[in-house]
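Chain and residue survey
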Amino acid sequence: MAASHAMSKLERLFARLNAIDESLGILHWDMATMMPVGGAESRAGQLAILKSLHHELLTAPEVPDLLAAAEGETLDGWQRANLAEMRRDWIHAAAVPAQLVEDLSRAGSACEMVWRKARPASDFAAVKPALAEVLRLTREVAEVKSQALGVGLYDALLDQYEPGGSSAVIDAVFADLGRFLPGFLAEVLARQPPAPQGPQGPFPADRQKALALRMMTVLGFDFEHGRLDISQHPFCGGTPDDVRITTRYDDEDFMRSLLGVVHETGHALYERGLPEQWRGQPVGRARGMGVHESQSLLMEMQACRSREFLSFAAPLMAEAFGAAGQPGWDAETLRAVNVRVTPGFIRVDADEVSYPAHVILRYRLEKALIAGEMQVDDIPSAWNEGFAELLGLTPPDDRQGCLQDIHWYDGAFGYFPTYTLGAMTAAQLFDAARRAVPGLLDSIGQGDFAPLLGWLRVNVHGHASHLSSAELLTRATGRPLDAQVFKDHLRVRYLG
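My aim in this report is to walk through the structure given alongside it, one point at a time. Keep in mind that this is a model prediction, so the values were computed, not measured.

What counts as what
- Residues numbered from 1 in each chain as written.
- Predicted model: local features only at pLDDT ≥ 70, side-chain atom pairs only at ≥ 80, totals over all residues.
- Heavy atoms only, no water.
- Helix = DSSP H or I, 4+ residues; strand = E, 2+ residues; numbered from the N terminus.
- Buried < 20%, exposed > 50% of the residue type's maximum accessible area, 1.4 Å probe, protein only.
- Areas by Shrake-Rupley, 256 points an atom, 1.4 Å probe, with all protein chains shown as cover.
- Contact = heavy atoms within 4.5 Å.
- Phe/Tyr/Trp six-rings, centres within 6.5 Å; stacked < 30°, edge-to-face > 60°.
- Core = buried A, V, L, I, M, F, W, Y, C linked by side-chain atoms within 4.5 Å.
- Pairing = 2+ DSSP bridges.
- Axes fitted to C-alpha atoms, helices over the stretch in contact; angles between N-to-C directions.
- Salt bridge = Lys/Arg side-chain N within 4 Å of Asp/Glu carboxyl O.
- Parallel < 35°, antiparallel > 145°, perpendicular 65-115°, else oblique.
- Left-handed = near helix turned anticlockwise from the far one by under 90°.
- Nonpolar A, V, L, I, M, F, W, Y, C, P; charged D, E, K, R; others polar.
- Disulfide = S-S within 2.5 Å.
- Polar contact = N/O pair within 3.5 Å; in protein donor to acceptor, adjacent residues only side chain to side chain.
- Bend = angle between axes of the 7 residues up to and from the residue.

1. Some remarks on the overall build of the protein
What the protein contains, in helices and strands, is 20 helices and three strands. Once the C-alpha set of the protein is aligned to its principal axes, its extents read approximately 70 × 55 × 50 Å. When burial is assessed residue by residue, the protein has 53% of its 496 residues classed as buried. Looking at the protein as shown, the accessible area adds up to about 21200 Å², and 53% of this sits on carbon and sulfur atoms.

Here's what the structure looks like:
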């Protein structure tokens, strides 16, 4: 990774910044899994100091001069991409005045505290003033980042989570999906047979963990460079060389935890597959939240909910709980129980067909809020109208409606579309892998994920951030993001 003078200095700087980021990741993992309650105050101070140091290093006066000088140096393609990622990081950090960063952080923390009380009480009025302040400050951030990045207001926020993402592209694919979902959902519900009786608990947590570890091994998880733990909310964290994933166990529903582990293992496999020679550099990072979510959903939704995988896994599941030969543990019953459409009000509990409608609704609303076309007062009614249009249901209260997600109340605008971008990308990548790798589903049906993982290493993981999300997907699949592939996947799975 030879580089010239200014670029060498930048690489050393960003290696230090990456070390801080990785330290923050491990500290957050520890806070969510093992830290005693009494450590919260000191941990908050540690995190604040590291974040402050990161910001100071990234926005130091010499950084823009180094970026400008490096532009004139002789760089190869990966170095050029690395420089572009460095500049994007610097723009996001330097564009926003420190006082505005602090004001939004404080407003988000205050709003979140109000939201935690308002949600169970279904009291949107209580959180309106705090949310209005968060929205005002978020618009200010969008304004300055928009000018610095040369993009629209919403795209400036989207770029934080989906680098180079375009709301114009999302508008088109979401409009296509939005027209498709209501009619398709109605058809699925009309044809869906009654749910069969699946496995009955209790399912001891120690046996669930043993099964989870076995499935992680099947998928290709490297326990020399990672581990599984428990947290209140499952996540994948740590570093590419020390990947930490978590789950939670439900004594009455082992599949929820198991599929959560499969999901997080998809994230972990992506992190472990990033190119070693670019560790510590921006170009060596994962390519945004949309691609990252595609890797988890590809494993969870595409591969491990397939008939082939469940035929392999069903006997292992029954064995894990001492239920071999008992009713309800066959592959078809397990599939019928876990590939089922049941529209509801809560996004995190939504099935594969309903879930995109939740995301499309939030995307439409937050775009309107950032553009100033809608105000905080309008959220409950706009939410209910949009929900009825997309899912045919009207939330009975705001707790099950516009108060359910933390994102807006914590200031995270621009994040929601990556969930469904990930689902669509997963379907398109898996479709391409099936066409490129002979007998891929047969391999999965034998518990052999090496062919799939090998294809992902070459076509997704190994590119890291060298390509944009759009370029990566087009190279891997032969076409840009196409809602038709996702729709075809849903038709095959739910209408046969």
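2. Quick notes on the environment of Leu-421
Tracing the sequence through the fold places Leu-421 in helix α16 (residues 417-436). Residues within four places of Leu-421 in sequence aside, it is in contact with Glu-162, Ile-170, Phe-174 and Leu-481.

3. A look at the packing of aromatic side chains
In total, this model carries 22 aromatic pairs according to the counting rule given. Between Phe-203 and Phe-254, the ring centres sit 5.0 Å apart and the planes meet at 65°, which makes this aromatic pair edge-to-face. Of the two residues, Phe-203 is situated in the loop between α8 (167-191) and α9 (205-219) and Phe-254 in helix α10 (residues 254-273); the sequence distance between them amounts to 51 residues. Phe-254 shares its class with Phe-203; the two are buried. Ring plane angle 70° and centroid distance 5.1 Å describe the contact between Phe-203 and Phe-321, whose orientation is recorded as edge-to-face. In this pair, Phe-203 sits in the loop between α8 and α9 while Phe-321 sits in the loop between α12 (307-320) and α13 (331-338), placing the two residues 118 residues apart along the sequence.

4. Quick notes on the nonpolar core
Core analysis: the largest hydrophobic core is formed by 130 residues, its most contacted members being Met-317, Phe-449 and Leu-452. Ignoring sequence-local partners within four residues, the contact set of Leu-452 consists of Leu-298, Met-299, Ala-303, Phe-430, Ala-433, Leu-440 and Ile-444.

5. Structural notes on unusual backbone geometry
Only a minority of non-glycine residues have a phi that is not negative, and only a minority of peptide bonds are not trans. That bond from Gly-201 to Pro-202 is cis: its omega, 5°, falls within 30 degrees of zero. Look at Ser-122: it is not a glycine, yet its phi comes out positive at around 50°. What makes Ser-122 partly exposed here is its relative accessible area of 24%. Phi is positive for Ala-464, close to 45°, though the residue is something other than glycine. Looking at the secondary structure, you find Ala-464 in the loop between α18 (450-459) and α19 (469-477).

6. Let's talk about the sheet that holds strand β1 (residues 226-230)
Taken together, three strands build an open sheet; the order of strands is β1-β3-β2 and the sheet is mixed. Two strands bound the open sheet, and with one partner strand each, they are β1 and β2 (236-239). Averaged over all pairs of adjacent strands, the angle between strand axes in this sheet comes to 20°, irrespective of strand direction. Pairing of β1 with strand β3 (residues 242-247), which is carried by five bridges, proceeds in the parallel orientation. Bridge pairing links Ile-230 to Thr-247 in β3.

7. Details of the environment of Gln-400
Along the polypeptide, Gln-400 turns up in the loop between α15 (379-391) and α16. Residue class for Gln-400 comes out buried when judged on its relative accessible area of 18%. Placed 54 residues apart in sequence, Gln-400 and Ile-346 show a C-alpha to C-alpha distance of 6.3 Å. Not counting residues within four places of it along the chain, the set of residues in contact with Gln-400 comprises Phe-345, Ile-346 and Pro-395.

8. Considerations on the pattern of salt bridges
In total, this model carries 32 salt bridges according to the counting rule given. The partner of Arg-214 in a salt bridge is Glu-319, and the shortest N-O contact between them spans 3.4 Å. Note that Arg-214 is positioned in helix α9 and Glu-319 in helix α12, a separation of 105 residues in sequence. Its relative accessible area of 39% is what places Arg-214 among the partly exposed residues. Each of Glu-85, Arg-88, Asp-89, Asp-159, Arg-285 and Arg-287 takes part in salt bridges that share partners, so that together they form one network.

9. A closer look at the packing of α16 against α19
Axes are the key here: two packed helices are described by the angle between their axes and the distance separating the axes. For the pair α16 and α19, interaxial distance at closest approach is 9 Å and the crossing angle is 25°. Comparing the axis directions of α16 and α19 gives the class roughly parallel. Regarding α16 and α19, the two cross each other, and that crossing is left-handed. Contacts between α16 and α19 involve Thr-425, Gln-428, Leu-429, Ala-432 and Arg-435 from the first element and Leu-473, Ala-476 and Thr-477 from the second. Tallied by class, residues from the contact of α16 with α19 come to four nonpolar, three polar and one charged.

10. Some words on the state of the cysteines
Scanning all chains against the criterion turns up zero disulfides. In this structure Cys-236 is a free cysteine whose sulfur lies 16 Å from that of Cys-304, the closest cysteine sulfur available. For Cys-236, a relative accessible area of 24% translates into the label partly exposed. Under the relative-accessibility criterion, Cys-304 is labelled buried at 2%.

11. Re the side chain of Ser-146
Within the fold, Ser-146 resides in helix α6 (residues 124-149). Overall, Ser-146 belongs to the buried group, its relative accessible area being 13%. For Ser-146, the side chain forms a polar contact with the main-chain oxygen of Val-151, separated by 2.4 Å.

12. Concerning the environment of Pro-196
Among the structural elements, Pro-196 can be located in the loop between α8 and α9. A residue is classified by how much of its surface remains accessible, and Pro-196, at 33% relative accessible area, is partly exposed. Sequence spacing of Pro-196 and Thr-420 is 224 residues, and the spatial spacing of their C-alpha atoms is 29 Å. With near-sequence residues (within four places) excluded, Pro-196 lies in contact with Thr-333, Ala-336 and Val-337.

13. Here's the deal with α6
The sharpest bend along α6 measures roughly 35° and falls at Ala-130. Those residues of α6 that fall on the buried side of the exposure criterion are Phe-124, Val-127, Leu-131, Val-134, Leu-135, Leu-137, Thr-138, Val-141, Ala-142, Lys-145 and Ser-146. Residues of α6 that are buried make contact with α4 (77-95), α5 (98-121), α7 (153-158), α14 (355-371) and α15.

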